[in-house]
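Survey of secondary and tertiary structure
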Amino acid sequence: MINRRTLLKRLSAIPLVGTVVGSGIPVQSVFAHTPSVPKRDMIKELGLRTFINAAGTYTAMTASLMPEEVMETIEASSKEFIMLDEVQDKVGEKIAEICHAEAATVTSGCWSAMVLGLAGVLTGTDKEKIAQLPNLKGMKSQVIVQKTHNVAYVHALKNTGVELVEVETAEDVEKAINDQTAMLWFLNYTAPEGKIQHEEWVALGKKHNIPTMIDIAADVPPVENLWKFNDMGFDMVCISGGKAMKGPQSAGILMGRKNIIEAARLSAPPRGNTIGRGMKVNKEEILGMYVALELYVKKDHEKEWKSWEQKIAYIEEMAKKVNGVTTSVSVPPVANHTPFLKISWDPAKINLDRTQMQEKLRKGNPSIEVIGFGEHEISCTVFMLRPEEEKIVARRIQEELKAAIA
Ligand SMILES: *Cc1c(COP(=O)(O)O)cnc(C)c1O
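What comes next concerns the included structure. In this text the structure is predicted, and so the values were computed from the model without any measurement.

Quick word on the environment of Lys-44
- Looking at the element boundaries, Lys-44 is found in helix α2 (residues 42-45).
- The exposure class of Lys-44 is exposed, given its relative accessible area of 69%.

Here we look at empty space enclosed by the protein
- For the structure shown, the criterion picks out two cavities of 30 Å³ or more.
- Here the largest cavity is characterised by a volume of approximately 110 Å³.
- Lining the largest cavity we find 15 residues, and of these Gln-88, Thr-105, Val-106, Ala-268 and Pro-269 sit closest to its centre.
- Elements with a minimum of two residues in the lining of the largest cavity: α4 (84-98), β4 (103-107) and α11 (258-265).

Comments concerning the sheet that holds strand β14 (residues 377-381)
- Within the open sheet, the three strands sit side by side as β11-β12-β14. Their pairing is antiparallel. In this open sheet, the two strands that pair with only one neighbour each are β11 (325-330) and β14. On average, each strand axis in the sheet is inclined to that of its neighbour by 20 degrees, with strand direction left out of account.
- Two strands pair when backbone bridges link them, and strand β12 (residues 340-345) and β14 are joined in this way by five bridges, in the antiparallel orientation. Residue pairing across strands places Ile-343 opposite Ile-378, the latter belonging to β14.
- Each of β11, β12 and β14 is contacted by helix α13 (residues 301-320), which is oriented at about 165 degrees to β11, the strand it contacts most.

A few points about a nonpolar patch on the surface
- A surface patch of nonpolar side chains, about 380 Å² in accessible area, is lined by Met-42, Ile-43, Leu-46 and Leu-48.
- Mapped onto the elements of the fold, Ile-43 is located in helix α2.
- Note on Ile-43: relative accessible area 43%, which makes it partly exposed.

Regarding the layout of surface pockets
- Here the largest pocket defines a volume of roughly 500 Å³.
- If you go around the largest pocket, you meet 26 residues; those closest to its centre are Tyr-58, Tyr-189, Ala-218, Ala-335 and Asn-336.
- The residue inventory of the lining of the largest pocket, partitioned by class, reads 17 nonpolar, five polar and four charged.
- The two domains that each donate at least three residues to the lining of the largest pocket are domain 1 (52-56 + 301-403) and domain 2 (82-298).
- A volume near 420 Å³ is recorded for the second largest pocket.
- In terms of lining residues, the second largest pocket is bounded by 21 residues, among which Lys-246, Lys-299, Glu-304, Phe-383 and Leu-385 are the most central.
- Those elements that provide at least two residues to the lining of the second largest pocket are α12 (283-298) and α13.
- It is α13 that contributes the most residues to the lining of the second largest pocket, four residues altogether.
- Here the lining of the second largest pocket is built from residues that sort into 14 nonpolar, one polar and six charged.
- Taken together, domain 1 (52-56 + 301-403) and domain 2 (82-298) each give at least three residues to the lining of the second largest pocket, which thus spans both.

Details of the pattern of salt bridges
- Taken as a whole and judged by the stated rule, the model has 22 salt bridges.
- Close ionic contact of Glu-304 with Lys-299 constitutes a salt bridge, the shortest N to O distance being 2.9 Å.
- Glu-304 sits in the buried class, given a relative accessible area of 17%.
- Put simply, Glu-400 and Arg-396 hold a salt bridge, and the shortest N to O gap is 2.9 Å.

A short note on the sheet that holds strand β10 (residues 252-256)
- Taken together, seven strands build an open sheet; the order of strands is β4-β10-β9-β8-β7-β5-β6 and the sheet is mixed. Strands with a single pairing partner mark the edges of an open sheet, and in this sheet they are β4 and β6 (163-167). Taken pair by pair, the neighbouring strands of this sheet meet at an average axis angle of 25 degrees, ignoring direction.
- Inspection of the sheet shows strand β5 (residues 142-146) paired to strand β7 (residues 181-187) by three bridges, in the parallel sense. Counterpart to Gln-142 in the pairing with β7 is Thr-181.

Rules used in this analysis
- Residues numbered from 1 in each chain as written.
- Predicted model: local features only at pLDDT ≥ 70, side-chain atom pairs only at ≥ 80, totals over all residues.
- Heavy atoms only, no water.
- Helix = DSSP H or I, 4+ residues; strand = E, 2+ residues; numbered from the N terminus.
- Buried < 20%, exposed > 50% of the residue type's maximum accessible area, 1.4 Å probe, protein only.
- 1 Å grid on protein atoms, 1.4 Å probe; cavity = no way out; pocket = protein on both sides within 12 Å on 5 of 7 lines; lining within 4 Å.
- Points joined across faces, edges and corners; volume = space filled by probe spheres on them.
- Pairing = 2+ DSSP bridges.
- Axes fitted to C-alpha atoms, helices over the stretch in contact; angles between N-to-C directions.
- Contact = heavy atoms within 4.5 Å.
- Patch = residues over 30% accessible without salt bridge, like charges linked within 9 Å, V, L, I, M, F, W, Y side chains within 5 Å.
- Areas by Shrake-Rupley, 256 points an atom, 1.4 Å probe, with all protein chains shown as cover.
- Salt bridge = Lys/Arg side-chain N within 4 Å of Asp/Glu carboxyl O.
- Nonpolar A, V, L, I, M, F, W, Y, C, P; charged D, E, K, R; others polar.
- Domains from an automatic or database assignment.

Here it is as structure tokens:
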């Protein structure tokens, strides 16, 4: 504790430049804005590598860049205090309205949306149960998933203490359901590989009165996916905020039934004795998420798609000029649903493998990240490129291909 005398002594040690009118409170130069100090460039200062992202919305590559409107929202809201729950209430209402959901809340990514949504299902509004998770005593303990949906992200569900029960057919689901079944989980991006499709999954949930959740983390575009699964009847929809929606990378959305979202929020900050206390989203990012969503919904998606096609065509043309190169363009059916360019080469004509090519592009100036699967090919997307960057990507790829001609 600082007593009055110490405080006065400390204050008097700071050069006085004036007083706030009428208050008699001294204004110290330390509080005054000093525009002469140059802004710090932390990227330079720390020597961090930046790059052109021709890969996509990869978490490891920091996913996406926030539009100026989102940054302005973050900046402006950082100057005020607001009650965390009040920001969530208001933003949740707005997001729910846009996405045809009964309710919504901003989470720290799609992953936390899954944890919190399931926590809400397991505990309801029971305070003891909320404090008890991940100990499931007195609660249900199983979540049913299709075998083809059982990927690494289910770890989010397991965090609540549940075990996963794998199924393949609707018949399997009927057999697997018992009094311990808490939820039916669906992973949108592997839907084409599964035997049970969305509507049937929802119907199974309704028939047995078991809530259904869908993970659509990276599944806009198309923009309609924001409301499609709420309309379809999924009780919870989880999505990433920082992928193609270009919200804060650490934000996401949980939306769905009002009673579940309310229960889920009881496991989320600011409440402390909960499984979700570490999944905090600050007010800046809650508001930033909302603005990003709004911008995303309002944008001219057709025009954007055309510009992606043009950029892909530009890179493709440049690469194809090199003898021995073949290209193909495809669009993944579900997640990261944007044009994808594959550039392959004949190793007899071009003496280069994929990792060497990636390394050359990475080490070049400017540094470029692309993805790759086969040994003599790379792939790129253009939806994370800033204006004109497709020209640099095209030129650099062509340069390296030419340089490796055998
Ligand atoms: C990215 C992703 C997640 C995790 O989302 P975050 O927003 O990073 O928490 C979950 N599921 C799938 C299918 C994803 O692609």
